[in-house]
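Below, each chain spelled out in residue letters.
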Amino acid sequence: MIDTLDDLDVEGTTVGVRVDINSPIGDDGTLADDARLRAHVDTLSELLERGGRVAVLAHQGRPGGDDFVSLESHAERLSKLLERPVDHVDTTFSDAAREAVRTLENGDCLVLENTRFYSEEYMEFDAERAAETHLVEGLAPALDVYVNDAFAAAHRSQPSLVGFPTVLPGYAGRVMESELDVLGTIEETPEPRIYVLGGAKVPDSIDVAWSVLEKGLADHVLTAGVVGNVFLIADGVDVGDASSDFIYDQGYWDEIDRAADLLDAYGDSIALPRDVAVERDGERHELGVNALPPGDEEAAMDIGSSTLAYYERLLEDAGTVILNGPAGVFEEEAFATGTRQLYGAATDVEMSIVGGGDTASALRSLGVDGFTHVSTGGGAALRMLTAEPLPAVTALQDGPKRQQPADD
Ligand SMILES: Nc1ncnc2c1ncn2[C@@H]1O[C@H](COP(=O)(O)OP(=O)(O)OP(=O)(O)O)[C@@H](O)[C@H]1O
Ligand SMILES: O=C(O)[C@H](O)COP(=O)(O)O
């Protein structure tokens with residue numbers, strides 16, 4: 001059982017709120033897309049309107065990456081979205097950070113610096129050990145309670161996610177609550193249950209396929225995108241040099257053996273593309289798998305229309321469909337057809353769940369909506385869709401194991 005904001009007496013309480021606003025960053029090093037910030041507006045507004053004193057904690061990027069930047073521009077954007085001043089503090093758990101948190105008044109909000117600027121935050125710990133990190137020991141004394149709204153990072157067992165709820169009373173924010181409501185009950189969703197696995201994260205998709213087929217969660221797994229191409233190769237189809245080289249370059253060659261093992265074990269439940277679309281003379285051109293391989297330069301960029309018809313027929317009988325990753329290179333209009341149509345057909349299923357933040361923004365750009373639930377998380381949603389526990393959720397469930405360090 002996890003406490004939510006309904007269980008929290010907010011007025012006058014200093015709340016550390018972990019959000020996931022890890023976002024695309026432009027060439028100038030500032031925020032380029034605010035979709036993830038918008039997702040947390042309900043939680044933050046509610047806490048502020050109820051008289052909370054809010055210190056926002058978040059990570060941005062990974063060390064060494066171009067998107068590993070300060071949260072200053074995130075704070076500026078949050079200020080506009082929340083329609084109130086939101087200060088940015090350029091440290092996370094120093095004296096200055098604690099002082100800024102302690103001087104918050106009811107209804108005030110500040111953003112602490114990128115948690116991953118400190119090396120401990122890029123490590124995975126068990127919850128007890130995470131509670132002993134500099135970040136948690138340094139900041140917890142200035143907080144009364146901890147709210148975790150960062151569903152999209154909940155598959156990480158990093159200090160800001162599992163350490164704070166070990167020393168402070170922990171609550172799920174509104175994003176976390178709604179994600180858990182839907183994704184935490186995947187085993188109870190209407191059957192038959194179909195998983196559609198597309199996109200380019202082949203190892204993750206094969207992990208999901210193994211897990212959901214082994215556990216009997218999936219009645220069918222439909223493959224598309226690069227995942228579909230890997231399954232075609234595993235089934236003995238020559239998808240051509242261009243697609244094979246792409247799979248090899250991504251380091252996914254070993255995945256073909258894993259896909260073949262999966263076909264041996266659960267072949268009857270796994271659907272493979274029956275045709276693919278390539279670019280020929282500058283246009284979309286469809287080829288049945290029997291007509292493969294295509295020309296040397298022609299990559300399989302989308303599923304074709306007979307695959308779509310086949311998958312749509314399977315979806316007609318589904319009670320629940322869970323989708324992750326696009327069916328093709330949706331960024332190019334000629335190859336967006338598979339994603340638009342397949343995801344469109346999924347909206348007619350009684351329960352339709354989309355896992356994966358990037359897929360969600362792709363769907364918005366393609367004008368497809370009407371799903372039962374679109375998750376804010378990529379890796380976290382995938383893990384939940386296999387009915388595996390998430391460390392940050394377990395830490396909230398377990399509750400504080402010991403007293404928070406004393407305020408000085
Ligand atoms: N047949 C294909 N060949 C090459 N690239 C493909 C093909 N099908 C899909 N893609 C690419 O896959 C990418 C998206 O895959 P990915 O697995 O990262 O999905 P995602 O929705 O971004 O996942 P998440 O939200 O979990 O990050 C897109 O950029 C798309 O162009
Ligand atoms: O974007 C995400 O999936 C989350 O913010 C987690 O980020 P990470 O994969 O860098 O831990």
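As the structure is a computational prediction, the values presented were derived from the model and not from experiment.

Visitor: I'm lost on the site of ligand 2 in this one. Help?
Guide: In the vicinity of ligand 2, the contacting residues are Asp 20, Asn 22, Arg 36, His 59, Arg 62, Arg 116, Ala 152 and Arg 156. Between Asn 22 and ligand 2, the recorded distance is 3.1 Å, taken from a side-chain N or O atom to an oxygen atom. At 2.6 Å, a side-chain N or O of Arg 156 approaches an oxygen atom of ligand 2. Taken by itself ligand 2 offers 310 Å² of open surface, and the protein chains cover 85% of this.

Visitor: Can you help me understand helix H4 (residues 95-102) in this one?
Guide: Each α-helix winds once per 3.6 residues, and so residues spaced three or four apart point in a common direction. When H4 is considered as a whole, its buried residues turn out to be Ala 97, Arg 98, Ala 100 and Val 101. Along the axis of H4, the buried positions cluster into a sector of 160 degrees, meaning they face one direction only. Tucked into the core, H4 has its buried residues touching strand S1 (14-18), strand S2 (53-57), strand S4 (109-111) and helix H6 (134-139).

Visitor: Sorry if this is basic, but what is going on with the packing of aromatic side chains here?
Guide: Two measures describe an aromatic ring pair: the distance that separates the ring centres and the angle between the ring planes. Counted by the stated rule, this structure contains 7 aromatic pairs. Their ring planes at 75 degrees and their centres at 5.2 Å tell us that Phe 68 and Phe 117 sit as a pair that is edge-to-face. One end of the pair, Phe 68, is in the loop between S2 and helix H3 (72-82); the other, Phe 117, is in the loop between S4 and helix H5 (127-130), with 49 residues separating them in the sequence. Given a relative accessible area of 36%, Phe 117 falls into the partly exposed group. With a centroid separation of 5.9 Å and 75 degrees between ring planes, the pair formed by Tyr 248 and Trp 253 is classed as edge-to-face. The class of Trp 253 is partly exposed, set by a relative accessible area of 39%. Sitting above the plane of the Tyr 310 ring, Arg 274 keeps its charged end 3.6 Å from the centroid.

Visitor: Just to check I follow, could you spell out the pattern of salt bridges for this structure?
Guide: Two side chains that carry opposite charge are able to pair once their charged atoms sit near each other. By the definition in use, this model includes 18 salt bridges. With its nearest N and O atoms 2.7 Å apart, the salt bridge here joins Arg 174 to Asp 6. One end of the pair, Arg 174, is in helix H8 (residues 174-183); the other, Asp 6, is in the segment before S1, and 168 residues separate them in sequence. Ionic pairing is found between Arg 50 and Glu 46, a salt bridge with its closest N-O pair at 2.8 Å. Judged by relative accessible area, Arg 50 falls into the partly exposed class, the value being 29%. Here the residues in one salt-bridge network are Asp 6, Glu 46, Arg 50, Arg 174 and Glu 177, joined through shared partners.

Visitor: What is the right way to read the environment of Thr 320 from this model?
Guide: Relative to the elements of secondary structure, Thr 320 occurs in strand S13 (residues 320-324). Under the relative-accessibility criterion, Thr 320 is labelled buried at 0%. Between the C-alpha atoms of Thr 320 and Leu 382, which are 62 residues apart in sequence, the distance is 16 Å. Apart from the residues within four sequence positions on either side, Thr 320 is in contact with Thr 189, Pro 190, Pro 192, Arg 193, Ile 194, Val 349, Met 351 and Ile 353.

What counts, and where the lines are drawn
Residues numbered from 1 in each chain as written. Chains lettered and ligands numbered in written order. Predicted model: local features only at pLDDT ≥ 70, side-chain atom pairs only at ≥ 80, totals over all residues. Heavy atoms only, no water. Near = heavy atom within 4 Å. Polar contact = N/O pair within 3.5 Å; in protein donor to acceptor, adjacent residues only side chain to side chain. Areas by Shrake-Rupley, 256 points an atom, 1.4 Å probe, with all protein chains shown as cover. Buried < 20%, exposed > 50% of the residue type's maximum accessible area, 1.4 Å probe, protein only. Helix = DSSP H or I, 4+ residues; strand = E, 2+ residues; numbered from the N terminus. Arc of directions from axis to C-beta. Contact = heavy atoms within 4.5 Å. Phe/Tyr/Trp six-rings, centres within 6.5 Å; stacked < 30°, edge-to-face > 60°. Lys NZ or Arg CZ within 6 Å of the ring centre and 35° of its normal. Salt bridge = Lys/Arg side-chain N within 4 Å of Asp/Glu carboxyl O.

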